[in-house]
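# Architecture at a glance
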Amino acid sequence: FGGNSLYFDGTGDYLSIPNNPNINLGSGDFTIEMWAYLTASTDFTLFSKGSSYELKTDSSRWVWQVNGGSNVFVTNGTLTTNTWVHVALVRNGTTTRLYINGTSYTSGTSVDANTNTNPLRIGYGSAIFTGYIDDLRITKGYARYTSNFTAPATALPKF
């Protein structure tokens, strides 16, 4: 949206956001969403807060990992490359769902994400991201999507 996005070339570049209570997910509801354009289907990390939480791929599957692997769930199927996809990770109560283009791909029972002092890293974690990210929004305390939805067709509001 607007003709600009973050580009990650897969050689170690990433965005780092210093530790802040607003990015410690804890036990409440949240929504993390973005548009992603994957230029490779190799393993990569979209975002990570150290061992607290990470959204990544593993063997061409989406993986949500909490607390260093004590709570993990994955999707089946293949990753879509060279096209924009809307990715939304939503926790509502004790259930976390991963939506791709508005369709729930997987869900699992959530555990509280440990609080740590690590920065939030976009495009870096256990693997380096190659591609583009646009319109990243983190909403703490609110589950924006609780069932399948139509992915946004315009830029996300800035509030």
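Read on for a plain summary of the structure.

Reading the values: rules and limits
- Residues numbered from 1 in each chain as written.
- Predicted model: local features only at pLDDT ≥ 70, side-chain atom pairs only at ≥ 80, totals over all residues.
- Heavy atoms only, no water.
- Helix = DSSP H or I, 4+ residues; strand = E, 2+ residues; numbered from the N terminus.
- Buried < 20%, exposed > 50% of the residue type's maximum accessible area, 1.4 Å probe, protein only.
- Areas by Shrake-Rupley, 256 points an atom, 1.4 Å probe, with all protein chains shown as cover.
- Lys, Arg positive; Asp, Glu negative; His and termini not counted.
- Charge placed at Lys NZ, Arg CZ, Asp CG, Glu CD.
- Pairing = 2+ DSSP bridges.
- Axes fitted to C-alpha atoms, helices over the stretch in contact; angles between N-to-C directions.
- Core = buried A, V, L, I, M, F, W, Y, C linked by side-chain atoms within 4.5 Å.
- Phe/Tyr/Trp six-rings, centres within 6.5 Å; stacked < 30°, edge-to-face > 60°.

### Some remarks on the overall build of the protein
The helix and strand inventory of the protein stands at zero helices and twelve strands. Sequence-ordered secondary structure for the protein, helices as α and strands as β, is β-β-β-β-β-β-β-β-β-β-β-β. In terms of principal-axis extent, the alpha carbons of the protein reach across some 35 × 35 × 35 Å. Expressed as a percentage of the 159 residues in the protein, the buried residues total 43%. Entry remark: accessible area of the protein is about 7,500 Å², with carbon and sulfur atoms responsible for 46%. Seen as two clouds, the 10 positive and the 10 negative side-chain charges of the protein have centres 7 Å apart.

### Comments concerning the pairing of strand β12 (residues 130-140)
Bridge analysis of strand β1 (residues 6-9) against β12 gives four bridges, and the strand direction is antiparallel. If you follow F8 over to β12, its bridge partner there is G131. Where strand β3 (residues 30-38) and β12 come together, eight bridges link them in antiparallel fashion. Opposite A36, over in β12, you have I133 as the bridge partner.

### Here's the deal with unusual backbone geometry
For residues that are not glycine, phi is negative in most cases, and the peptide bond is trans in most cases. Although it is not a glycine, N82 sits at a positive phi angle of roughly 60°. Positionally, N82 belongs in the loop between β7 (71-74) and β8 (84-92). The exposure class of N82 is partly exposed, given its relative accessible area of 48%. Even without being a glycine, N101 presents a positive backbone phi close to 55°. Assignment of secondary structure puts N101 in the loop between β9 (95-100) and β10 (103-109).

### Quick word on the sheet that holds β8
The antiparallel open sheet is built from six strands, whose spatial order is β1-β12-β3-β8-β9-β10. Two strands bound the open sheet, and with one partner strand each, they are β1 and β10. If you compare each strand with its neighbour and ignore which way they point, the axes differ by 20° on average.

### What about the nonpolar core?
Judged by nonpolar contacts, the single largest core of 27 residues is most densely connected at L46, F47, Y53, L55, W62, W64 and V87. Those elements that place two or more of their residues in this core are β3, β4 (45-48), β5 (53-58), β6 (61-66), β8, β9 and β11 (120-122). With five residues, β3 is the largest single contributor of residues to this core. With six residues, the next largest nonpolar core counts A88, V90, Y99 and A143 among its residues.

### Focus: the packing of aromatic side chains
As enumerated under the stated definition, the model contains 15 aromatic pairs in all. Where Y99 meets Y145, the ring centres are 6.4 Å apart and the plane angle is 65°; that geometry is what we call edge-to-face. Highlighted residues: Y99 in strand β9 and Y145 in the segment after β12, separated in sequence by 46 residues. An identical accessibility class is assigned to Y99 and Y145; each is buried. Of the aromatic side chains, those joined through ring pairs into one cluster are Y7, Y37, W84 and Y132.

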